[in-house]
Amino acid sequence: MVLKAENITKTFRRRHGAVVALDKVSLEIQEGEFVGVVGPSGSGKSTLLATLGGMNSPDEGVVLWGNQSIYDWNVKKRAQWRGADIGFVFQVFNLIPYLSVYENISVGLALSDKDTKARESIARILDELDLAGQKDHTPAELSVGQQQRVALARALIKKPRFILADEPTGNLDPDTGRGVMNIIKLQHAAGTTVVMITHDRAVAEYAQRTIKIVDGRIDNTV
Ligand code: ADP
Ligand code: MG
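Residues numbered from 1 in each chain as written. Chains lettered and ligands numbered in written order. Predicted model: local features only at pLDDT ≥ 70, side-chain atom pairs only at ≥ 80, totals over all residues. Heavy atoms only, no water.

1. Points about the site of ligand 1
The environment of ligand 1 is formed by Phe12, Arg14, Val19, Ala21, Pro40, Ser41, Gly42, Ser43, Gly44, Lys45, Ser46 and Thr47. Contacts to ligand 1 include Ser43, whose backbone N or O atom sits 3.1 Å from an oxygen atom. Within the backbone of Gly44, one N or O atom sits 3.1 Å away from an oxygen atom of ligand 1. Calculation on ligand 1 without its partners gives an accessible area of 560 Å², and the protein chains cover 66% of this total. Only strand E1 (3-14), strand E2 (17-29) and helix H1 (45-52) provide two or more residues apiece to the shell around ligand 1. In terms of residue count, H1 provides more of the shell around ligand 1 than any other element does, three residues in total. Tallied by class, the residues present in the shell around ligand 1 amount to four nonpolar, six polar and two charged. (Near = heavy atom within 4 Å. Polar contact = N/O pair within 3.5 Å; in protein donor to acceptor, adjacent residues only side chain to side chain. Areas by Shrake-Rupley, 256 points an atom, 1.4 Å probe, with all protein chains shown as cover. Helix = DSSP H or I, 4+ residues; strand = E, 2+ residues; numbered from the N terminus. Nonpolar A, V, L, I, M, F, W, Y, C, P; charged D, E, K, R; others polar.)

Here it is as structure tokens:
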């Protein structure tokens, strides 16, 4: 499936005036790609990712999944799509503080999936991400790198077709960051499409294609 933005514009109205976060952005992500998104802070990268992921309705323009306009779907249909096809890794991990690691990961699964098979796949992903020993702990009891891996596990557990990751290594030390990158690379090698915002040059080099955002627009000069 192709994920496509056509002329999307998003303006945030604030007390001291409006900010144009996205200004007529068009782009296309083919299934199987690994796309890096770079650009200065405040340029609209997170807004773009959230808009592509169905979490931020543009003022103008459309986001297409195949030939369907995702913001023309109702909230429930969009949530179902996101639940099935999109794994979102947030810049801040958005873990639920009062749930254990195990429970936080299981949040990524649809309710109907919480059966024996789900328990097995959670056990497998805990192993893969080196979190098995942490499964009964709460996020506050984990290191930052472990928290990011839980957030990644929650996104990967449902085997999404697309992973949208907002600076997944931004808050990690280089070693832990490489570990998280390796997991994302393996996931891409297994066929998952990856769109990843990053400030890290080394990380951007993993990407097959890089999109630069400046002042809410795609900068084609790179
Ligand atoms: P980046 O991820 O590239 O740092 P963002 O997409 O977070 O940039 O933000 C782009 C611009 O939109 C910034 O000026 C930011 O302050 C503004 N912005 C983002 N989200 C909101 C919001 N929810 N309300 C008001 N302004 C916002
Ligand atoms: Mg951001």
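Moving on, there is more to tell.
2. Focus on helix H2 (residues 75-85)
When H2 is considered as a whole, its buried residues turn out to be Arg78, Trp81 and Asp85. Around the axis of H2, the buried residues are gathered within 60° of arc, so they sit on the same side. More than 90 degrees from the buried face of H2, the exposed residues found are Val75 and Lys76. Check the buried side of H2 and you find it contacts E1, H1, strand E4 (60-65), strand E6 (86-89) and strand E7 (162-166). (Buried < 20%, exposed > 50% of the residue type's maximum accessible area, 1.4 Å probe, protein only. Arc of directions from axis to C-beta. Contact = heavy atoms within 4.5 Å.)

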